[in-house]
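If you want the building blocks of each chain, they are given just below.
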Amino acid sequence: MAIVFAKKLCKVYNSGEVKVEALKDIDLEIEEGEILAIIGPSGCGKSTLLNCLSGIDDPTSGEVIVSGKPLHKMDDNLKTRFRAANMGFVFQFYNLIPVLTAVENIELPLLTLGYSLKEARERALEMLEKLRIHGRDNYLPSQLSGGERQRVAIGRALVHRPKIVWADEPTGALDTESSEELMKLIVELNEKYNQTFVIVTHDERVAAYTNRIVRMDSGRILSMETPGARFK
């Protein structure tokens, strides 16, 4: 069953006399529980597509439906609440709050959603253990390695058990070994919890871990393909 539908999605940026068509009539369905890669060269529109699909940005025209809800018809406040309850986000440069410890960064979405401090802390500690960094509970982001920081960012994205996790170049700041460890972790979490992952990347090795690859260029989808066997 599809969890995300995009129909005739267009995004146009106007800068003075210059008009840039970032997305051009995108049609896309994303299945519940799949790991989807959106891949293409810099400036091809892949991050813009992720932002429009997740409701971070508004399309110029077209429709986006997530879990049966028309995102393109929601006002900003409703979209913000919908994203907080149903989505998680992972970014290239972690976006962790530097003055909060690893466990405090992970529990933050739960506190925002109204969980008690006790339950939020228990869930965050449980997530740290699942991510195999439970010995780093009280470390600040500056005291963690790049791979550890990205694991904390994933923990923060997953702790409230969202239906969809959007990841924009999640391995872009990591070395090859850390990138492979991160993708194996994403596959493991996907298989265990059936959460949908949508990953924007330029890295073919990252895309090889996914169930389906969408290739983009110049604001359009060029092809969709199923990768070969995942790297082990």
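Computed from a predicted structure; not experimentally measured. (Residues numbered from 1 in each chain as written. Predicted model: local features only at pLDDT ≥ 70, side-chain atom pairs only at ≥ 80, totals over all residues. Heavy atoms only, no water.)

A word on the layout of surface pockets
Left-over empty space is what a probe sized like a water molecule reveals as it rolls over the atoms.
No. 1: Considered as a void within the structure, the largest pocket measures approximately 330 Å³ in volume.
No. 2: Taken together, 16 residues make up the lining of the largest pocket; nearest its centre are Met-87, Phe-89, Pro-109, Arg-156 and His-160.
No. 3: Listing elements by their share of the lining of the largest pocket, those giving two or more residues are helix 2 (76-86), strand 6 (87-91), helix 3 (102-112) and helix 5 (146-158).
No. 4: Taken together, the residues of the lining of the largest pocket break down into nine nonpolar, five polar and two charged.
No. 5: When its volume is computed, the second largest pocket comes out at roughly 200 Å³.
No. 6: Lining the second largest pocket we find 14 residues, and of these Leu-158, Arg-161, Pro-162, Tyr-193 and Gln-195 sit closest to its centre. (1 Å grid on protein atoms, 1.4 Å probe; cavity = no way out; pocket = protein on both sides within 12 Å on 5 of 7 lines; lining within 4 Å. Points joined across faces, edges and corners; volume = space filled by probe spheres on them. Helix = DSSP H or I, 4+ residues; strand = E, 2+ residues; numbered from the N terminus. Nonpolar A, V, L, I, M, F, W, Y, C, P; charged D, E, K, R; others polar.)

Overview of the side chain of Lys-46
No. 1: Assignment of secondary structure puts Lys-46 in helix 1 (residues 46-54).
No. 2: Of the side chains with opposite charge, Glu-169 lies nearest to the buried Lys-46, which makes no salt bridge, at 4.3 Å.
No. 3: Engagement of the side chain of Lys-46 in a polar contact is seen with the backbone oxygen of Pro-41, the distance being 3.1 Å.
No. 4: What Lys-46 contacts, discounting residues up to four positions off in sequence, is Ile-38, Ile-39, Gly-40, Pro-41, Glu-169, Val-200, Thr-201, His-202 and Met-216. (Buried < 20%, exposed > 50% of the residue type's maximum accessible area, 1.4 Å probe, protein only. Lys, Arg positive; Asp, Glu negative; His and termini not counted. Salt bridge = Lys/Arg side-chain N within 4 Å of Asp/Glu carboxyl O. Polar contact = N/O pair within 3.5 Å; in protein donor to acceptor, adjacent residues only side chain to side chain. Contact = heavy atoms within 4.5 Å.)

Comments concerning the packing of helix 3 against helix 5
No. 1: Viewed as axis vectors pointing N to C, helix 3 and helix 5 meet at an angle of 25°, and their least axial separation amounts to 7 Å. If you check the angle between helix 3 and helix 5, you find them roughly parallel. When the axes of helix 3 and helix 5 are compared, the crossing they make is right-handed. In this structure, helix 3 contributes Ala-102, Asn-105, Ile-106 and Pro-109 to the contact, and helix 5 contributes Val-152, Gly-155 and Arg-156.
No. 2: When its residues are assigned to classes, the contact of helix 3 with helix 5 shows four nonpolar, two polar and one charged. (Axes fitted to C-alpha atoms, helices over the stretch in contact; angles between N-to-C directions. Parallel < 35°, antiparallel > 145°, perpendicular 65-115°, else oblique. Left-handed = near helix turned anticlockwise from the far one by under 90°.)

Section: the environment of Val-20
No. 1: Here Val-20 is to be found in strand 2 (residues 18-31).
No. 2: Between the alpha carbons of Val-20 and Gly-219 there is a distance of 9.7 Å; along the sequence they are 199 residues apart.
No. 3: Here Val-20 is in contact with Lys-11, Val-12 and Tyr-13, once residues within four sequence places are set aside.

Quick notes on helix 3
No. 1: When helix 3 is considered as a whole, its buried residues turn out to be Ala-102, Val-103, Asn-105, Ile-106, Glu-107, Pro-109 and Leu-110.
No. 2: At its buried positions, helix 3 is contacted by helix 4 (117-130) and helix 5.
No. 3: Of the residues trailing helix 3, Gly-114 is marked for its positive phi of about 100°.

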